[in-house]
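Residue strings, one per chain:
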Amino acid sequence: MQFEMIANAQRGLDLLIASDIARKIMTGTLNAGDILPSEVELCSRFGVSRTALREALKLLSSKGLLESRPKIGTRVRDRSHWNILDVQLLEWMTGMEATEEMYHQFLEFRRVIEPHATSLAAINATKEQRIELSRIYREMCEVDAGTFEPETWVNIDTQFHRMIFLSSGNCFYIPFGNVLTTVFKWFISYSSKEGGTCMSDHRKIYEAIMMGDAEAARQASLNLMESSKHRL
């Protein structure tokens, strides 16, 4: 197991260590049940003090990735214990290639919460939010009409779905608009690799929200998330 020497970093050593170990866990380089090397060995591999290492391990334990037990050591926990919606954990996922199973699970999760958030947006979106959604939708149309550029599309599509959650008016849905931004980019980047934008479905969602038709908005959102419309 290779750990990157980070002793030359000026600050945030604990975060750098935590990020390195977290990414190894999330990519499967470190598997559930694996025991990490001893503190002495890890300090040597990373080139850091015990204080920085212990802070990093404490951070990862708080996110459910690790657990420490006397006479056993620090062990990688099963994914069922991970705080997968933790903002920092999502940021550490950036650039990682997820498994097919995770893409399916995220789509299933969206199918449960996003249609309802979309129906609420049709009812509760403020004038300012509708203006912003219109701006985003116009930009989506422009991107779709031009030469398909995956990165540009991922950014604007993410803004569109984030705006739906922010417009729901539900204090429990609003955080998803921010927290899931990383996962949306990650998912959309994968599902749109073959150039699909599903603009017809996005148009129906947009029009239903602008008309205040909650049921049409909910149905349009469900239609967009049919597995056959994604690269799955």
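For the structure itself, consult the block above.
Structural notes, computed from the coordinates. Just so you know, these numbers come straight off a predicted model, no measurement behind them.

Moving on to the layout of surface pockets. Considering only enclosed or pocket space, the largest pocket measures out at about 270 Å³ in volume. Lining the largest pocket we find 13 residues, and of these I84, L85, M102, Q105 and F106 sit closest to its centre. Of all elements in the fold, only α5 (100–124) and α9 (181–191) reach the threshold of two or more residues within the lining of the largest pocket. If one sorts the elements of the lining of the largest pocket by residue count, α5 sits on top with four residues. Within the lining of the largest pocket, the residues separate by chemical class into eleven nonpolar, one polar and one charged.

This part covers the pattern of salt bridges. Within this structure, the stated rule accounts for 14 salt bridges. One salt bridge in this structure joins D86 and K63, with 2.9 Å as the shortest N-O distance. Within this pair, whereas D86 is found in the loop between β2 (73–76) and α4 (87–92), its partner K63 is found in the loop between α3 (50–62) and β1 (66–69), the two being separated by 23 residues in sequence. Here E67 makes a salt bridge to R77, at a shortest N to O gap of 3.9 Å. Here E67 is found in strand β1, whereas its partner R77 is found in the loop between β2 and α4, with ten residues between them in sequence. Of the residues examined, E67 reaches a relative accessible area of 19% and is grouped as buried. Members of the salt-bridge network, linked through shared partners, are E67, R69, R75 and R77.

This part is about unusual backbone geometry. A positive phi angle is found at K71, which is not glycine, with a value near 70°. On the secondary structure map, K71 appears in the loop between β1 and β2. Owing to a relative accessible area of 89%, K71 belongs among the exposed residues under this scheme.

What counts as what
Residues numbered from 1 in each chain as written. Predicted model: local features only at pLDDT ≥ 70, side-chain atom pairs only at ≥ 80, totals over all residues. Heavy atoms only, no water. 1 Å grid on protein atoms, 1.4 Å probe; cavity = no way out; pocket = protein on both sides within 12 Å on 5 of 7 lines; lining within 4 Å. Points joined across faces, edges and corners; volume = space filled by probe spheres on them. Helix = DSSP H or I, 4+ residues; strand = E, 2+ residues; numbered from the N terminus. Nonpolar A, V, L, I, M, F, W, Y, C, P; charged D, E, K, R; others polar. Salt bridge = Lys/Arg side-chain N within 4 Å of Asp/Glu carboxyl O. Buried < 20%, exposed > 50% of the residue type's maximum accessible area, 1.4 Å probe, protein only.

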